[in-house]
Amino acid sequence: MTQLFRMAFRDLLRNRRRSFLSSLALAIGVALLMLMFAFVNGEMTGAMNSTIRLQSGHLQIRAETYDENKSSLKWSDLVENPDQIVQKISSLPPVIAATPRLFVSGIIASKDITAGVRVIGIDPTSKANEPYRLGLLEGQFLTLDDRDGILIGQPLAKKLDLKTGDSINVSVNTSNGDVSEQSFIVRGIYSTQTYGFDRVSVFMALPKAQTISGTENHASIIFILLNDNAQTDSVKNAIQAPGYKIVTWTEMNDLIIQTENFANSYINMFAFIILAITATVITNTLIMAVFERTREIGILSAIGMKASRIMGMFLMESSLLTIGGLVMGIIMGLLMVAWFNGHGFYIGNMGISGMLIQDTIYPNLTLTDTIRVSVISFVISLLAGMYPAVIAARMEPVEALHGGK
Amino acid sequence: MEVAKIENVTRVYKNGKIETNALSGVNLTIENGEFTSLVGPSGSGKTTLLQLIGCLDQPTTGKIFINGKDVSTLNKSARADIRRGTIGFIFQFFALIPTLNAYENIEMPLLLNGVKPDERRKTVTLLLEEVGLSDRANNRPDQMSGGQQQRVAIARAFATHPSIILADEPTANLDTANGEQVMELMTRLNKESGVTFVFATHDPRVIKYARRVITLRDGLIVDD
């Protein structure tokens, strides 16, 4: 074994540049795969976190008949006296915040431009609204007793050419099917760096939203934020809310989970293409080595080396090339991931309904993905080395002895 | 006692529809301890006969016995086992592994035979002394002259104390002085250890060392 290793290592050193370039091909493949896995993971984790933080929460308590796609304001579709339930839930240890929210469809108009919006009535004092408070670009955050203040997202402010202190008209649907209209002052402009959300979401204090929409002491949902995604099911089981349904983030964000599965399938296909190209380079390198060393194979065979051992010698070379490429690739991959983690990768205003994607992706490389890439690359490269090794092992000693220089 | 016995051996090479008879019915017995030369013009079948005795190739018809065992129909792996244990080879070109130094080249057949490290070290050191290359142990083939390389090849062929050493034109690529040195070394090993040598040549200066001369022409033994 030691001798096989020594011979394989020295044989690779005979043509240093070729061996280095073959390993480099694998290294680039591995590094790109690590980066791809990290980006998809980062994007999906980011989208999930944004969606949980900004839109769905970990859990929502809703009326049995509530349909999130209809924004119904009928009292029977809403949660009555939400504060009572909120108080009970807030005492559970994993709960960071539980807060009522009211969603109302509306249109805002400034000068002669209008835009469809989703008015969200919030309790400004709740911790659940930190992302909006922290994302304030100008102006002030709302207060619970604010009767004419509204908070709008940066893309909407740009579209309507609004700034803090400007006056706008807001028309909303009401619980009895009418439309109510009132003038509001832009208290502040926020950005969550999530274009899809900021473009349509405007905030007002919950009591005001209830008044303007005629929903009185009702909320669309109770939004619950937890310390950890993993605690969702245990908290769900602990909540007592008879007559209401409790929905988890996985149920609400089916689209993200499906997208993640799709992205993983897609990336696996890319991985296969990249590694197939790399494998071709390794096969080519070793085939060249086999043909250059035909006479040596004949000599080794003549002195009694068995075909299996000759095969082992070339597989050892293939392993060494692979290990070299893997080490280089992992280092390159880690450096690239670290760089993009520091700088981010700006993708612009993305986002689709039901899935909030931040405008900058920060790669998230997991140990599992690193191991997965390494093992797959190693196995594929070893398989790539099989063909040349078999060619070498099948050579007849007499032909091999006369086939060299 | 006979080391090799060849019975009615033919070897026909096919190249497309063309058939070439390299050996056309050879009968031969090599006894233990012989120092035998196969002579004849190019194409007479010397190398083919050596390859068949050395289990590198198989006869088209006929039988070959090595130490009494019929090797004519053995598969590739079994022939490799026979070569590893009982046959040593010396080639016309200095057939050393270029990435291994003199010591490692001689050690290779011992490794393949599973000889223990201590014994390997002892054997290789002795052999290097025997062929006068102790100071070249760490030299790779490209750092040695042709004569030195061929002496390493002889030491390698001798390392496992085989029953027979087959040499195909061992001095063809050497100058006179180195050629004589190689032949004297082979003669000495033959006399001291009793190992059988069979070598192919058409160099009269080499033939004079042989105690038995077998002449081949057109694939047949014409003189013995």
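Residues numbered from 1 in each chain as written. Chains lettered and ligands numbered in written order. Predicted model: local features only at pLDDT ≥ 70, side-chain atom pairs only at ≥ 80, totals over all residues. Heavy atoms only, no water.

**Remarks on empty space enclosed by the protein**
A complete count under the given rule lists two cavities of 30 Å³ or more for this structure. If you add up the space inside the largest cavity, you get close to 80 Å³. Lining the largest cavity, in full, are Ala302 and Ile303 of chain A together with Arg83, Arg84, Ile87, Gly88, Phe89, Pro109, Arg156, Ala157 and Thr160 of chain B. Taken together, the elements giving at least two residues each to the lining of the largest cavity come down to helix H2 (76-86), strand E6 (87-90) and helix H5 (146-158) of chain B. Considering only residue class, the lining of the largest cavity consists of six nonpolar, two polar and three charged. By volume, the second largest cavity amounts to about 30 Å³. Contributing to the lining of the second largest cavity are Gln3, Leu4, Met305 and Arg309 of chain A together with Met108, Leu111 and Leu112 of chain B. Secondary-structure elements contributing two or more residues to the lining of the second largest cavity are helix H1 (2-14) of chain A together with helix H3 (102-112) of chain B. With three residues, the top contributor of residues to the lining of the second largest cavity is H3 of chain B. (1 Å grid on protein atoms, 1.4 Å probe; cavity = no way out; pocket = protein on both sides within 12 Å on 5 of 7 lines; lining within 4 Å. Points joined across faces, edges and corners; volume = space filled by probe spheres on them. Helix = DSSP H or I, 4+ residues; strand = E, 2+ residues; numbered from the N terminus. Nonpolar A, V, L, I, M, F, W, Y, C, P; charged D, E, K, R; others polar.)

**Quick notes on the pairing of strand E1 (residues 59-63) of chain A**
Along any regular strand the residues' side chains alternate between the sheet's two faces. Residues and elements named next belong to chain A. Summarising burial for E1: five of the five residues are buried, a large majority. The pairing of E1 with strand E12 (residues 244-248) spans five bridges and is antiparallel. Its bridge partner being in E12, Ala63 is matched across the sheet by Tyr244. In the sheet, E1 pairs with strand E11 (residues 221-226) via three bridges, with the strands oriented antiparallel. Across the sheet, residue Leu59 finds its bridge partner in E11, namely Ile224. (Buried < 20%, exposed > 50% of the residue type's maximum accessible area, 1.4 Å probe, protein only. Pairing = 2+ DSSP bridges.)

**Thoughts on the sheet that holds strand E7 (residues 164-168) of chain B**
Residue and element names in this part refer to chain B. The sheet built from six strands is open, its strands ordered E6-E7-E8-E3-E9-E10 with mixed pairing. Each edge of the open sheet carries a strand with a single partner, namely E6 and strand E10 (220-223). Each neighbouring strand pair of the sheet contributes to a mean axis angle of 25°, computed without reference to strand direction. Judged from the five bridges that link them, E7 and strand E8 (residues 196-201) form a sheet pairing that is parallel. Bridging across to E8, Leu166 finds its partner in Val198. Each of strand E3 (35-39), E6, E7, E8 and strand E9 (212-217) touches helix H1 (residues 46-53); the most contacted strand, E7, lies at about 150° to it. (Axes fitted to C-alpha atoms, helices over the stretch in contact; angles between N-to-C directions. Contact = heavy atoms within 4.5 Å.)

**Concerning the sheet that holds strand E5 (residues 69-70) of chain B**
Pairing between the strands of a sheet is mediated by backbone hydrogen bonds and can be parallel or antiparallel. All names here are of chain B. Taken in spatial order, the four strands line up as E2-E1-E4-E5 in an open sheet, and their pairing is antiparallel. At either margin of the open sheet sits one strand with a lone partner, and together these are strand E2 (18-31) and E5. For strand E1 (residues 2-15) and strand E4 (residues 61-66), the ladder comprises five bridges, and the chain directions are antiparallel. Within the sheet, the bridge partner assigned to Lys5 lies in E4 and is Phe65. Together, E1, E2 and E4 form the strand contacts of H1, whose direction differs from that of E1 by roughly 120°.

**With respect to the domain arrangement of chain A**
Per the domain assignment, the segments of chain A are domain 1 (2-51 + 256-403) and domain 2 (65-242). Put simply, the middle of domain 1 of chain A and the middle of domain 2 of chain A, counted by C-alpha atoms, are 50 Å apart. (Domains from an automatic or database assignment.)

**Topic: the packing of aromatic side chains**
Residue and element names in this part refer to chain A. On inspection of all chains with the given rule, the structure shows 14 aromatic pairs over all chains. Both rings, one in Phe262 and one in Tyr266, keep their centres 5.6 Å apart while their planes meet at 25°; by these two values the pair is stacked. In this pair, Phe262 and Tyr266 are both assigned in helix H10 (residues 254-292), four residues apart and thus about one turn of the helix distant. Assessed through its relative accessible area of 44%, Tyr266 is described here as partly exposed. A connected cluster of aromatic rings, assembled from ring pairs, spans Phe39, Trp339, Phe340 and Phe345. Above the ring of Phe223, the side-chain terminus of Arg101 is found at 3.8 Å from the ring centroid. Between Arg118 and the ring centre of Phe103, over which it is positioned, the NZ or CZ distance is 4.0 Å. (Phe/Tyr/Trp six-rings, centres within 6.5 Å; stacked < 30°, edge-to-face > 60°. Lys NZ or Arg CZ within 6 Å of the ring centre and 35° of its normal.)

**Section: unusual backbone geometry**
With phi around 55°, Asp161 of chain A is a residue other than glycine that occupies positive phi space. Position of Asp161 of chain A relative to the elements: it lies in the loop between helix H5 (154-160) and strand E7 (167-173). When its relative accessible area of 54% is taken as the criterion, Asp161 of chain A is described as exposed. You will see that Asn8 of chain B, though not glycine, has its phi angle at about 45°, which is positive. Mapped onto the elements, Asn8 of chain B comes out in strand E1.

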